[in-house]
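Listed below, chain by chain, are the residues.
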Amino acid sequence: MCEVLELSGSSEKKVVKAVEKLGVQAFFTSIDALDVEEVEKDRIKALKEVIEAKAKSLEALEGGQ
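Below, the structure is looked at part by part. (Residues numbered from 1 in each chain as written. Predicted model: local features only at pLDDT ≥ 70, side-chain atom pairs only at ≥ 80, totals over all residues. Heavy atoms only, no water.)

1. Focus: the packing of aromatic side chains
Here's step 1: Enumeration according to the criterion identifies one aromatic pair in this entry.
Here's step 2: Geometrically, the ring pair formed by Phe27 and Phe28 is edge-to-face, given 5.2 Å between the ring centres and 65° between the ring planes. The pair Phe27 / Phe28 is uniform in exposure class, with both members buried. (Phe/Tyr/Trp six-rings, centres within 6.5 Å; stacked < 30°, edge-to-face > 60°. Buried < 20%, exposed > 50% of the residue type's maximum accessible area, 1.4 Å probe, protein only.)

Right, here's the structure in full:
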């Protein structure tokens, strides 16, 4: 995930530590609290939106069967 988001080395360490501590779901709800650059927060938020959209798409497909 960090590689795809093109995070700096220090930001990558912070993100990995946060995910390990909080879990993925809580991590995505606490993006604004991360000590990383705003542009990196924006990329993480964009990834969150993609994941949420895909989850909704899958739910619709499953519900339609």
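Read on, since the account is not over.
2. Some remarks on the environment of Phe28
Here's step 1: Examined against the element boundaries, Phe28 turns out to sit in helix H2 (residues 24–29).
Here's step 2: Its relative accessible area of 10% is what places Phe28 among the buried residues.
Here's step 3: Apart from the residues lying within four places of it in its own chain, the contact partners of Phe28 are Met1, Ile44, Leu47, Lys48 and Ile51. (Helix = DSSP H or I, 4+ residues; strand = E, 2+ residues; numbered from the N terminus. Contact = heavy atoms within 4.5 Å.)

3. Here we look at the pattern of salt bridges
Here's step 1: Scanning the model with the defined rule gives four salt bridges in all.
Here's step 2: We note a salt bridge from Asp35 to Lys14, for which the minimum N-O separation is 3.2 Å. Placement of Asp35 in the loop between H2 and helix H3 (38–63) and of Lys14 in helix H1 (residues 9–22) is noted, with a sequence separation of 21 residues between them.
Here's step 3: For Lys14, a relative accessible area of 33% puts it in the partly exposed group.
Here's step 4: A salt bridge links Lys45 to Asp32, with the nearest nitrogen and oxygen atoms 2.6 Å apart. Here the residue Lys45 occupies a position in helix H3, and Asp32 occupies one in the loop between H2 and H3, the gap between them amounting to 13 residues.
Here's step 5: Classification of Lys45 by relative accessible area gives partly exposed; the value is 28%. (Salt bridge = Lys/Arg side-chain N within 4 Å of Asp/Glu carboxyl O.)

4. Things to note about the side chain of Glu40
Here's step 1: By the secondary structure assignment, Glu40 is in helix H3.
Here's step 2: Of the buried charged residues, Glu40 lacks a salt bridge, with Arg43 as the closest side chain of opposite charge at 4.8 Å.
Here's step 3: Engagement of the side chain of Glu40 in a polar contact is seen with the backbone nitrogen of Ser8, the distance being 2.8 Å.
Here's step 4: For Glu40, the residues in contact, after removing those within four places along its chain, are Glu6, Leu7, Ser8 and Ser11. (Lys, Arg positive; Asp, Glu negative; His and termini not counted. Polar contact = N/O pair within 3.5 Å; in protein donor to acceptor, adjacent residues only side chain to side chain.)

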